[in-house]
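The primary structure of each chain is shown beneath.
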Amino acid sequence: MGITDLLLLGQERDLKSERGVSCDGALPAASDPDLVARAVAAKASLGSRAMILGHHYQRDEVINFADIRGDSFKLAQAAADNSSAEFIFFCGVHFMAESADILTTANQKVILPDLAAGCSMADMATATQVDTAWQVLTKLGVAGKTIPITYMNSSAAIKAFTGKNNGAVCTSSNAARAMRWAFEKGEKVLFLPDQHLGRNTAVLSLGLKLEDCILWNPWKPNGGLTDEQIKKAKVILWRGHCSVHGRFTVENIKDVKIRLPGVQVLVHPECQHDVVSNADVVGSTEVIIKTVKDSPAGTKWAVGTELNLVQRLANENPDKEVVFLDKTVCYCSTMNRIDLPHLVWAMESLVGGKLVNQIKVEAEVARYAKVALERMLALP
Ligand code: 13P
Ligand code: SF4
């Protein structure tokens, strides 16, 4: 592990302690045989006052209680569209709950059942680092023609920076549309914080060359780049990645094609560029689900995304063969922090009159982050 990774780990820990990682000790035991019944009872007692949103990467025990299942885009839309539920239990990760808070009305409260459910990728870009990068672009006279696009997987502060500087949020479902939109408004894109989604979108969807993209390392002066490189680049990619999707390799693809003749490889665009380039189909979480669901019986799929979802796809499509692309299993550990004990604890606390783990974005940050989120929701 290099010094940069160690610094990133330290930074992640700081962010986690800022968020607070504990609940108040009344967490039911995972072995409690009444857990499902308790969840059913608490949900029934809250009735239409509460809505449960569940990201597709959540555990089955949690997703079974979701009123709406979706990828991050669909869940952001669901939060924006619902102004009646007073409480929104967000079963996903911190940045998604922040976005839900920003998009809902002032009277609605968003609850993240475990505050430790963060996202290591989102933690790879801090507001201070992004401000420093922007100062460099300003000094070089290119900030005025650069449009920031930030992936949904970023803090509210980064979304606010994006909103203030004429940019938009994107998700894996609409990254290509967002990048095209940005190039209609400016000459360069600063893509935060996932280098792989940014590179895959620029090269495979917009037809740019790999050489048009440069990588900004937030831990090095000038991003580790020369002034000339920064001035020449069309896309400035932030050096962030997903530790789950970044694991898949071209070796995994070669291996599964030998093990399962006729298999098609389907991956999320957060995977590395060579993996995405060698896959048969690439798509957001919703596209992955639809592709498998709509494929003919008997087809075989090796899927490169989070394991909870791949296992669910295998169970829900018994007429097809669905396998995980990697031979070793790997869940998103932070998505998995939300389990049934935490959901039951949060719901029962509310039934008892106590609001726990509310996610509340500071008003000024929320104002500008909302601008960037609404630009995304309005993309054609
Ligand atoms: P989606 O935008 O596909 O929901 O992905 C979110 C995420 O965290 C992927 O790792
Ligand atoms: Fe973050 Fe990756 Fe987990 Fe998605 S899968 S929440 S990007 S760490």
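These figures come from a predicted structure and were not determined experimentally. (Residues numbered from 1 in each chain as written. Chains lettered and ligands numbered in written order. Predicted model: local features only at pLDDT ≥ 70, side-chain atom pairs only at ≥ 80, totals over all residues. Heavy atoms only, no water.)

### Here's the deal with the overall build of the protein chain
Part 1: Across its full length, the protein chain holds 16 helices and 14 strands.
Part 2: On C-alpha atoms alone, the protein chain measures out to a radius of gyration of 21 Å, which is about the 21 Å that the 2.2 N^0.38 rule sets for 380 residues.
Part 3: Counting every position in the protein chain, which comprises 380 residues, the buried fraction comes to 57%.
Part 4: A fraction of 68% describes how many contacts in the protein chain between residues 6 or more apart in sequence connect residues 24 or more apart.
Part 5: Summing over all exposed atoms, the protein chain offers an accessible surface of approximately 15,700 Å²; the carbon and sulfur share of this is 52%.
Part 6: For the protein chain, the distance from the average position of its 41 positive side-chain charges to the average position of its 42 negative side-chain charges is 4 Å. (Helix = DSSP H or I, 4+ residues; strand = E, 2+ residues; numbered from the N terminus. Rg over C-alpha atoms; globule rule 2.2 N^0.38 Å. Buried < 20%, exposed > 50% of the residue type's maximum accessible area, 1.4 Å probe, protein only. Contact = heavy atoms within 4.5 Å. Areas by Shrake-Rupley, 256 points an atom, 1.4 Å probe, with all protein chains shown as cover. Lys, Arg positive; Asp, Glu negative; His and termini not counted. Charge placed at Lys NZ, Arg CZ, Asp CG, Glu CD.)

### Here we look at the sheet that holds strand E9 (residues 235–238)
Part 1: Read across the sheet, five strands follow the order E6-E5-E7-E9-E8 without closing on themselves; strand pairing throughout is parallel. Two strands lie at the open edges of the sheet, namely strand E6 (168–170) and strand E8 (213–216), each paired on one side alone. Strand-to-strand twist in this sheet, taken as the mean axis angle between neighbours without regard to direction, amounts to 25°.
Part 2: Relative to E9, E8 runs parallel, the two sharing four bridges. What sits directly across from Cys213, in E9, is Val235.
Part 3: Its contacts with the sheet place helix H6 (residues 127–139) against strand E5 (146–151), strand E7 (188–192), E8 and E9, and it is angled at close to 155° to E9. (Pairing = 2+ DSSP bridges. Axes fitted to C-alpha atoms, helices over the stretch in contact; angles between N-to-C directions.)

### Observations regarding the side chain of Glu270
Part 1: Assignment of secondary structure puts Glu270 in the loop between strand E10 (264–267) and helix H12 (273–278).
Part 2: No salt bridge is formed by the buried Glu270; the nearest opposite charge belongs to Lys159, separated by 12 Å.
Part 3: Of the polar contacts made by the side chain of Glu270, one reaches the side chain of Tyr151; its length is 2.5 Å.
Part 4: Separated by 3.0 Å, the side chains of Glu270 and His245 make a polar contact.
Part 5: Residues within four places of Glu270 in sequence aside, it is in contact with Met121, Tyr151, Asn153, Asp194, His196, Cys242, His245 and Gly246. (Salt bridge = Lys/Arg side-chain N within 4 Å of Asp/Glu carboxyl O. Polar contact = N/O pair within 3.5 Å; in protein donor to acceptor, adjacent residues only side chain to side chain.)

### Here we look at the packing of helix H5 (residues 94–103) against helix H16 (residues 363–377)
Part 1: Interaxial distance between H5 and H16 falls to 9 Å at its minimum, and their mutual angle equals 95°. The angle between H5 and H16 places the two elements in the roughly perpendicular class. Residues Ser99, Ile102 and Leu103 of H5 form the contact with H16, whose own contacting residues are Ala366, Ala369, Lys370, Leu373 and Leu377.
Part 2: Considering only residue class, the contact of H5 with H16 consists of six nonpolar, one polar and one charged. (Parallel < 35°, antiparallel > 145°, perpendicular 65-115°, else oblique. Nonpolar A, V, L, I, M, F, W, Y, C, P; charged D, E, K, R; others polar.)

### Re the site of ligand 1
Part 1: Lining the immediate environment of ligand 1, one finds His55, Tyr57, Asp71, Ser72, Tyr151, Asn153, Ser172, His245, His268, Glu270 and Thr285.
Part 2: Ser72 is positioned such that a nitrogen or oxygen atom in its side chain is 2.7 Å from an oxygen atom of ligand 1.
Part 3: Protein burial of ligand 1: of its 300 Å² of free accessible surface, 96% is covered by the chains. (Near = heavy atom within 4 Å.)

### A few points about the pattern of salt bridges
Part 1: Counting across every chain of the model gives 18 salt bridges.
Part 2: Here Lys254 and Glu251 are joined by a salt bridge, their closest N and O atoms 3.6 Å apart. With Lys254 and Glu251 both in helix H11 (residues 250–259), this residue pair falls three residues apart, about one helical turn.
Part 3: With its nearest N and O atoms 2.8 Å apart, the salt bridge here joins Asp280 to Lys257.

### A few points about the nonpolar core
Part 1: Membership of the largest hydrophobic core comes to 108 residues, with the highest contact counts inside it found for Phe89, Ile149 and Phe191.
Part 2: Looking at this core element by element, the count peaks at seven residues for helix H15 (residues 340–351).
Part 3: Not counting the four nearest positions on each side in its chain, Ile149 is found in contact with Thr162, Ala168, Cys170, Ala178, Trp181, Ala182, Val189, Leu190, Phe191 and Leu192.
Part 4: If you look at the next biggest cluster of nonpolar residues, it comprises 20 residues, including Val136, Leu225, Ile230 and Ile236. (Core = buried A, V, L, I, M, F, W, Y, C linked by side-chain atoms within 4.5 Å.)

### Regarding the environment of Val93
Part 1: You can see Val93 is positioned in the loop between strand E3 (87–91) and H5.
Part 2: Overall, Val93 belongs to the buried group, its relative accessible area being 2%.
Part 3: When the C-alpha positions of Val93 and Ala116 are compared, they lie 8.5 Å apart, and in sequence the two are 23 residues distant.
Part 4: If near-sequence neighbours (up to four positions away) are discounted, Val93 is found in contact with Leu112, Ala117, Gly118, Cys119, Thr334 and Met335.

### Things to note about the sheet that holds strand E4 (residues 109–111)
Part 1: Reading across from one edge, E2-E1-E3-E4-E14 is the order of the five strands in this open sheet, with mixed pairing throughout. On the outer flanks of this sheet lie strand E2 (68–70) and strand E14 (358–359), each paired with one strand and no other.
Part 2: Where strand E1 (residues 50–55) lies against E2, three bridges are found, and the strand directions are parallel. Looking at E2, one finds that Leu53 is bridged to Ile68.
Part 3: Of the strands in this sheet, E1, E3 and E4 are in contact with H15, which crosses E3 at around 170°.

### A word on the site of ligand 2
Part 1: Near ligand 2 the following residues occur: Tyr57, Cys119, Ser120, Met121, Asn153, Cys242, Glu270 and Cys332.
Part 2: Taken together, the residues of the shell around ligand 2 break down into five nonpolar, two polar and one charged.

### Brief notes about the environment of Cys332
Part 1: For Cys332, the location among the structural elements is in the loop between strand E13 (321–324) and H15.
Part 2: In this structure the C-alpha to C-alpha distance between Cys332 and Cys119, which are 213 residues apart in sequence, comes to 8.8 Å.
Part 3: With sequence-adjacent residues up to four places away left out, Cys332 is seen in contact with Val244 and Glu306.

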